[in-house]
Amino acid sequence: MGVDVIRNLQDTLARLSKFKQAAQAGVPIPHRLQPLGAFGSNPGALSARHYVPESYRSGGPLVVVLHGCTQTAGGYDQSSGWSRLADRYGFALLFPEQQRSNNPNLCFNWFSADDANRGMGEALSIRQMVAAMQKMHGTGLRRTFVTGLSAGGAMTAVMLATYPDVFAGGAVIAGLPFGVAKSIPEAFDRMRGHGMPRPADLSDLVRRASPHQGEWPLLSVWHGTQDGTVDSSNATALVEQWRSLHGAPKQPSRTDIVAGYPHRVWQDRAGKDVVEEYRLTGLGHGTPLDTSERGAQEVAAPYMLEAGISSTLRIAAFWGIIPALAVGEDEPIARVPNTEKSAVPNFRDLIHSGVTKTIDDALRSAGLLR
């Protein structure tokens, strides 16, 4: 094994150790969510929390929210403002929550065949949670939506692909397309923007994931241009994957500037908005927030980034579960570029070094491989 590879491996282990310690040192955050209780066989061994406001009425929408690595359901809600928005507009919320026994860094296992296929693992657990919410609270069929950040964003893509008959729409924030990785080394390679399938093959990955023959879910894509954890080329691939499914043209139907950020929209043949993309110039890895009074009472935190634009509000408006006017005026704002970096290392050199066993041992010791 070369000296450079050894040095890279030692550096990787040191950074992973700090990353894991930071994740385990988090202080519990008070939140408004309640345990869901039993919801099925739960093959993915996930936990679940939910929130149903007093304003909710049977048949209303359900939003499934998937936190990112090192985060919790309650912490993500506290920062993103989803439950406070639910109070105002009367929709129900479901927060699947990862367990350290599944992933020590609390990442959803979006790259695992055991968890990312229809009828299996974490994907099936989340589907069972949705069914429990429908039974308990009468949430509307085909009025169910899903969103998530980073690994939660990648798991959002999994849920849209494996259960398109369940979800009417989704939103992926700093995430990855469905089906592009089947192992941790592949996952890190894709996160760096390497080895992505050909654009023509991306939509086929989704078509093969279920027997679905009907209308495909809407998709909103959000990604910072300075994201050092998940390369923004993943946003391009996500748009291509779902644009093709909807039969939308390659060129966007509409291009504009929203709150100072480039925004593109693709329409299907009927003129319906089916895919949108926000490229958040200067923003790092995290969920874009507007912590001013214009937002949904959002609170900045690690990977929850003040950006002068509320992804929570605009995603809900794109889905049609809140009025479009609720997001306020689209005024350009002054921004300081956010270049927050994740502690997740670059594995490209390691993956291609030919020392597979050493890499696997390193990943296991860091808690990233089962």
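Our subject in this report is the structure included herewith. Since the model is a prediction, treat every value here as computed from it, not as a measurement.

### What to know about the state of the cysteines
Right, on to step 1. Under the defined criterion, the tally for this structure stands at one disulfide.
Right, on to step 2. One disulfide in the model links C69 with C107; its S-S distance is 2.0 Å. Across the disulfide from C69 to C107, rotation about the S-S bond amounts to roughly 125 degrees, and the bridge is consequently right-handed. Taken as a pair, C69 in the loop between β3 (62-66) and α2 (73-80) and C107 in the loop between β4 (92-97) and α4 (121-137) lie far apart in primary sequence, 38 residues in all.
Right, on to step 3. Overall, C69 belongs to the buried group, its relative accessible area being 19%.

### Quick word on the packing of aromatic side chains
Right, on to step 1. Scanning all chains against the criterion turns up six aromatic pairs.
Right, on to step 2. Plain terms: the ring middles of W82 and F91 are 6.1 Å apart, the flat faces sit at 75 degrees to each other, and that makes the pair edge-to-face. F91 shares its class with W82; the two are buried.
Right, on to step 3. When the centroid spacing of 6.3 Å and the interplanar angle of 80 degrees are considered together, the rings of W216 and W242 count as edge-to-face. Placement of the pair is W216 in the loop between α7 (199-207) and β7 (218-224) and W242 in helix α8 (residues 233-246), with a sequence separation of 26 residues.

### Remarks on the nonpolar core
Right, on to step 1. Within the largest apolar cluster, 103 residues are counted, with the highest numbers of intra-cluster contacts made by W82 and W110.
Right, on to step 2. Setting aside anything within four residues of it in sequence, one finds W82 in contact with V63, V65, Y76, D77, F91, L93, F95, T147, T312, I315, A316 and W319.

### Observations concerning helix α5 (residues 151-162)
Right, on to step 1. Between its terminal C-alpha atoms α5 stretches 16 Å, which fits the 16 Å expected from twelve residues at 1.5 Å a residue.
Right, on to step 2. With twelve of twelve residues buried, α5 lies mostly within the body of the structure.
Right, on to step 3. Of the residues making up α5, those classed as buried are A151, G152, G153, A154, M155, T156, A157, V158, M159, L160, A161 and T162.

### Things to note about the environment of L176
Right, on to step 1. Looking at the secondary structure, you find L176 in the loop between β6 (169-173) and α6 (184-191).
Right, on to step 2. By relative accessible area, L176 is classed as buried at 1%.
Right, on to step 3. Separated by 21 residues in the primary sequence, L176 and M155 place their C-alpha atoms 8.5 Å from one another.
Right, on to step 4. For L176, the residues in contact, after removing those within four places along its chain, are W110, A154, A157, R190, M191, V230, N234 and L238.

### Here's the deal with the packing of α2 against helix α3 (residues 82-89)
Right, on to step 1. The contact between α2 and α3 brings their axes to 6 Å, and the two run at 60 degrees. It follows that α2 is oblique to α3 by the angle criterion. Where α2 abuts α3, its residues Y76, D77, Q78 and S80 lie against W82, S83 and R84.
Right, on to step 2. Considered class by class, the residues forming the contact of α2 with α3 number two nonpolar, three polar and two charged.

Conventions used here
Residues numbered from 1 in each chain as written. Predicted model: local features only at pLDDT ≥ 70, side-chain atom pairs only at ≥ 80, totals over all residues. Heavy atoms only, no water. Disulfide = S-S within 2.5 Å. Helix = DSSP H or I, 4+ residues; strand = E, 2+ residues; numbered from the N terminus. Buried < 20%, exposed > 50% of the residue type's maximum accessible area, 1.4 Å probe, protein only. Phe/Tyr/Trp six-rings, centres within 6.5 Å; stacked < 30°, edge-to-face > 60°. Core = buried A, V, L, I, M, F, W, Y, C linked by side-chain atoms within 4.5 Å. Contact = heavy atoms within 4.5 Å. Expected span 1.5 Å × (residues − 1). Axes fitted to C-alpha atoms, helices over the stretch in contact; angles between N-to-C directions. Parallel < 35°, antiparallel > 145°, perpendicular 65-115°, else oblique. Nonpolar A, V, L, I, M, F, W, Y, C, P; charged D, E, K, R; others polar.

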